[in-house]
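Here is what each chain is made of, one letter per residue.
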Amino acid sequence: MTSPSLLDALQERVLVLDGATGTALQRMDLSLDDFGGLEGCNEALNFWRPDAVETLHRSYLDVGADAILTNTFGASGLVLAEYDLQERTRELNRVSAGIARRMADSYATPDKLRYVIGSMGPGTKLPSLGQATFDEVHEAYFQQALGLIEGGVDALLVETVYDLLQGKAAIIAAKDAMAEMDRRLPLFCTVTIETTGQMLVGSEISAALTAFEPLGLDALGLNCATGPEMMHEHLRYLAAHSPLPIMVQPNAGLPRVENDQAVYDLSAQELVDAHRTFIGEYGARIVGGCCGTTPEHIAAVVEGIAGVVPATREPQLEEAVSSLFVSVPFEQDASFLIVGERANANGSRRFKRLLAEENWEEMANVIRDQAKEGAHVVDVCVDYVGRDGAPDMARLVGLARGRTTLPIMLDSTEAPVLEAGLKLLGSKPILNSVHLEDGGARLDQVLTTAKRFGAAVVALVIDEEGQARTADRKVAIAKRIHQLATEKHGLRSGDLLFDALTLPLGSGQEELRNDGRETLEAVRRIKQEIPGVRTILGVSNISFGLNPASRQVLNSVFVEEAVAAGLDAAIVNALQILPTHRIPPEQHEASKRLIYNEWVDGKDPLQAFMALFTDVDLQREEIDLAEQTVEERLHLRI
Ligand code: THG
């Protein structure tokens, strides 16, 4: 068993990986026959010229590299299919891992073990752009990982990730392959940030960290694309925020093209200097080289980093969700997390009509426009009687994911609909929602999926007896779900949002009158009694049945009270939330009495509230509102 010692070694010292594979092979003067006639397929050498692959590995082992990467960068089935080799995916990876294993073992001494890391490159398809499905990508990497594990690698590396969905599918597949083989190997990931400062599909490093960190990696870092100079900013971000060990394999500078060939100018000494900084200032633990780096570079790194003490890090992981492009923290300055409610077939007549018409374009635009209306996250619900939710969710999310910078909250009562959405997202979404109405079968199913895909989850206070109506029962159910989610499913408290739920306050039904008060009390107690979790409410529900002007006021006052009680997030129509100073004092007071069911002089607070809104003109209110900025309207804590 060499695998545990790799993680142990990482604790003790900085590991030096090898340098380039592809550019090194190009220099070997190989003929088309050596590649089995498959032009451009470096991985074919594992079959037809294993000796060339051995020579490559030796060149790095000779200069003291602690670990070598298998020659399997393009050996997932999706790439091998381009050479009609996909049927041999598992075999090819097993063979390649075997070559590297033998080479590493032949160099290993008790003082210096040599490790083999299974390389899983990005392939040629961009699933976030619809070029491949999650299932296709997953299957391709699953077969690759099985072969690499069989061949004896010490770790797996999902490398050169430029599309988060590809990376996520590969990471999940690698873990599934380990489970299948009953082996737990270290799993590493490197993402590739272009000169633009973003990954190819437009993701910032923060988006990559937020999406990948929950997936159970043992190291996360950067490789390829640029030389080391352009990596500082992103490595600094990881150093400050990522709880995972940092690995970094830069190119030997930005490539230039000369006579149709990529040329890399970074000297060995320059690479050494960069790595000394990466280790000494950012705490990098695994260093090496990517395109254009040679045994000479790695020899210099092995020597040049000896004695450099890795910086001590105290990373602060920002609790967040993400879109394909950016990470969005749960904590919002001077506001709560605003979840836009307009992309809901049950909450918007317009959206429902667009769904009935199958106008996916316009539905995706509704999602996009939630950002302009002040939302930080967008709730997406296509549940609609008589339609098949899973394909609808897939169709819509597939279109919206590249169009919105907002993280998506997948809203459905059906687990397959949530999963359909998850498979389209390389980001970290929120699942809305789980509860215990059936005693937990569905909750188990959804939380298993949430853990697998690294999603946050909304939990409703509903159990076998129905929706909890008292603060005591709401808190008790929240605790029960919290325990299941954290202890049974391994989710983090910070990724759980508890919805204390309230029924409409405007119905006048006697037994609903205390719902507002009980809900707010539950919000306060959930925050106090379950440390680290968050709270959320669907706000517009509370005012169903009232006239539009009064709904706007009641929703706004309710949000204000809930935020004061500790509410972290709310599903709202952001445009319609009024700041306190925009609400006439008597309306404000009447709203509070309704929310808390306070009877003054024997007067029914609902009647008193409704009496104030018999002739208010909402249209005029909305025109007034248009003159305010979103910030003005939403800075409720000011
Ligand atoms: N908790 C959680 N999720 C939820 C809810 C919740 N998801 C759905 C819902 N409740 C929150 N979303 C809405 C969206 C719209 C309205 C209410 C709640 C709404 N719509 C108007 C109406 O129906 O009268 C406007 C209709 C229109 O524009 O046509 O009130 O509580 N976790």
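This is a predicted model, so every value here is computed, not measured. Counting of residues starts from 1 at the beginning of each chain's written sequence and follows it residue by residue. Side-chain atom pairs in this predicted model are given and counted only at pLDDT of 80 or more, local residue features only at pLDDT of at least 70, and totals for whole chains, interfaces and linings cover all residues. Note that water and hydrogens are dropped before the side-chain values are worked out from all heavy atoms of the structure.

Draft legend 1. Just the site of the ligand, in detail. Put simply, a residue is near a molecule or strand once any heavy atom of it comes within 4 Å of that molecule or strand. Looking at the ligand, there are 17 residues lining it, with Arg-342, Arg-349, Asp-499, Asn-541 and Arg-551 nearest. Within 3.5 Å is the distance limit for a polar contact, defined as a pair of N or O atoms, with the added protein rule that one can donate a hydrogen and the other accept it, and that residues adjacent in sequence qualify only through two side-chain atoms. Residue Asn-432 places a side-chain N or O atom 3.0 Å away from a nitrogen atom belonging to the ligand. Separating an oxygen atom of the ligand from a side-chain N or O atom of Arg-551 is a distance of 2.6 Å. Here the accessible surface of atoms and residues is derived via Shrake-Rupley with a 1.4 Å probe, and residues count as covered only by protein chains that are part of the display. When isolated, the ligand has an accessible area of 670 Å², and the protein chains bury 81% of it. By residue class, the composition of the shell around the ligand is four nonpolar, seven polar and six charged. Each residue is assigned to one class: nonpolar for Ala, Val, Leu, Ile, Met, Phe, Trp, Tyr, Cys and Pro, charged for Asp, Glu, Lys and Arg, and polar for all the others, Gly among them.

Draft legend 2. Broad picture of the sheet that holds strand β7 (residues 246-249). Being paired, for any two strands, means DSSP has found at least two bridges between them. Numbering goes from the N terminus for both helices and strands, where a helix is a DSSP run of H or I of at least four residues and a strand is a run of E of at least two. Spatial strand order, β1-β10-β7-β6-β5-β4-β3-β2: eight strands in an open sheet with parallel pairing. In this open sheet, the two strands that pair with only one neighbour each are β1 (15-16) and β2 (67-69). Note that β1 and strand β10 (residues 286-287) share two bridges and pair parallel. Note on β10: the bridge partner recorded for Leu-15 is Ile-286. Packed on one face of the sheet, helix α8 (residues 164-181) meets β3 (115-120), β4 (155-161) and β5 (187-191) and runs near 170° to β4. Whether two residues touch is decided by their heavy atoms; if any such pair falls within 4.5 Å, the residues are in contact. Axes here mean lines fitted to C-alpha atoms, for a helix over just the part in contact, with angles spanning 0 to 180 degrees between N-to-C directions.

Draft legend 3. Focus on the environment of Ala-155. Counting through the fold element by element, Ala-155 comes out in strand β4. A 1.4 Å probe rolled over the protein chains alone gives each residue an accessible area, and that area as a share of the maximum for its type sets the label: buried under 20%, exposed over 50%, partly exposed in between. Here Ala-155 falls in the buried class, since its relative accessible area comes to 0%. Along the backbone, Ala-155 and Leu-6 are 149 residues apart, and their C-alpha atoms lie at a distance of 8.1 Å. The contacts of Ala-155, once residues within four sequence positions are left out, are Leu-6, Val-116, Ile-117, Gly-118, Leu-185, Pro-186 and Phe-188.

Draft legend 4. Fine view of the packing of helix α11 (residues 268-282) against helix α12 (residues 295-304). With their axes 8 Å apart at the nearest point, α11 and α12 run at an angle of 40° to one another. The orientation of α11 with respect to α12, classified from their angle, is oblique. Seen along the crossing, α11 lies across α12 with a hand that is right-handed. Contacts between α11 and α12 involve Ala-268, Leu-271, Val-272, His-275 and Arg-276 from the former and Glu-296, His-297, Ala-300, Val-301 and Gly-304 from the latter. For the contact of α11 with α12, the per-class residue count stands at five nonpolar, three polar and two charged. Should an angle fall under 35 degrees it is taken as roughly parallel, and over 145 as roughly antiparallel, whereas 65 to 115 is taken as roughly perpendicular and any remaining angle as oblique. In this scheme, a crossing is called left-handed if the near helix is turned counterclockwise away from the far one by less than a right angle; it is called right-handed if the turn is clockwise.

Draft legend 5. The confidence of the model for the protein chain, seen in detail. Confidence in the prediction of the protein chain, expressed as mean pLDDT, is 94, and 96% of residues score 70 or more. Between residues 619-638, whose pLDDT stays under 50, and residues either more than four places distant or in other chains, the model counts 38 contacts. Scored between 0 and 100, pLDDT is the confidence that the predictor attaches to each residue.

Draft legend 6. Spotlight on the packing of helix α16 (residues 415-422) against helix α17 (residues 441-453). Here α16 crosses α17 at 5°, and the two axes come no closer than 10 Å. In terms of orientation, α16 and α17 fall into the roughly parallel class. For the pair α16 and α17, contact is made by Ala-415, Leu-418, Glu-419 and Leu-422 and by Arg-442, Gln-445, Val-446, Thr-449 and Phe-453, respectively. Tallied by class, residues from the contact of α16 with α17 come to five nonpolar, two polar and two charged.

Draft legend 7. Structural view of the pairing of strand β22 (residues 569-572). Neither face of β22 is left uncovered, since the one carrying Ala-569 and Ile-571 and the one carrying Ala-570 and Val-572 both have all their residues buried. Sheet analysis places strand β13 (residues 337-340) next to β22, joined by four bridges and oriented parallel. Each bridged residue has a counterpart across the sheet, and for Leu-337 the counterpart in β22 is Ala-569. Here strand β21 (residues 534-538) runs beside β22; their pairing, made up of three bridges, is parallel.

Draft legend 8. View of the environment of Asp-615. Relative to the helices and strands, Asp-615 resides in the loop between α22 (605-611) and α23 (618-626). The class of Asp-615 is exposed, set by a relative accessible area of 68%. In the structure, Asp-615 is positioned 409 residues away from Ser-206 in sequence and 49 Å away in space, judged by C-alpha atoms.

Draft legend 9. Representation of the state of the cysteines in the model. The disulfide criterion used throughout: a pair of cysteine sulfur atoms within 2.5 Å. One pass over the structure, following the stated rule, counts zero disulfides. For Cys-290, which is in no disulfide, the shortest distance to another cysteine sulfur is to Cys-224 and amounts to 3.9 Å.

Draft legend 10. Expanded view of the sheet that holds strand β16 (residues 430-434). Strand order in this closed barrel of eight strands is β13-β14-β15-β16-β17-β20-β21-β22, and the pairing throughout is parallel. Along the sheet, successive strands turn relative to each other by an average axial angle of 25°, direction set aside. Where strand β14 (residues 377-380) meets strand β15 (residues 408-411), three bridges bridge the pair, whose relative direction is parallel. Bridging across to β15, Asp-379 finds its partner in Met-409. Against the sheet, helix α19 (residues 515-529) contacts β20 (496-499) and β21, and its axis sits at roughly 160° relative to β21.

Draft legend 11. Inspection of the pairing of β16 at higher detail. Burial runs high along β16: five of the five residues are buried. The pairing of β15 with β16 spans three bridges and is classified as parallel. When the sheet's bridge partners are listed, Met-409 is paired in β16 with Ile-430. As for the winding sense of the linkage, the β-α-β connection from β15 through α16 to β16 is right-handed. Whether a crossover is right-handed depends on one test, that the path from the first strand over the helix to the second runs clockwise when the strands point away from the viewer.

Draft legend 12. Expanded view of the nonpolar core. What we call a nonpolar core is a set of buried Ala, Val, Leu, Ile, Met, Phe, Trp, Tyr and Cys residues that are connected through their side-chain atoms within 4.5 Å. Leu-156 and Phe-212 are the most contacted members of the largest nonpolar core, which totals 192 residues. A per-element tally of this core places α8 first, with ten residues. Discounting chain neighbours no more than four positions away, the residues touching Leu-156 are Ile-117, Gly-118, Met-120, Ala-145, Leu-148, Ile-149, Ala-174, Met-178, Pro-186, Leu-187 and Phe-188. In this structure, Ala-9, Ile-117, Ala-219 and Ile-286 belong to the second largest nonpolar core, which totals 15 residues.

Draft legend 13. Structural context of unusual backbone geometry. The omega torsion across Asn-432 and Ser-433 is 20°, close enough to zero to call that bond cis. Here Ser-433 is to be found in strand β16. At Asp-29, a position not held by glycine, the phi torsion is positive, near 60°. Residue position: Asp-29 is located in the loop between α2 (22-26) and α3 (45-48). The backbone phi angle of Ala-225 is positive, close to 60°, even though this residue is not glycine. Here Ala-225 lies in the loop between β6 (219-223) and α10 (232-241).

Draft legend 14. View of helix α13 (residues 349-356). Among all positions in α13, only Phe-351, Leu-354 and Leu-355 are buried. Axial view of α13: buried residues confined to an arc of 100°, hence all on one face. Structurally, α13 contributes buried residues whose contacts are with α14 (360-369) and α15 (389-400). Where α13 begins, the capping side chain belongs to Ser-348, and its oxygen is found 3.3 Å from the backbone nitrogen of Arg-350. The positive-phi residue at the C-terminal boundary of α13 is Glu-358, with phi of around 55°. Throughout, the arc means that of the directions going from the helix axis to the C-beta atoms.

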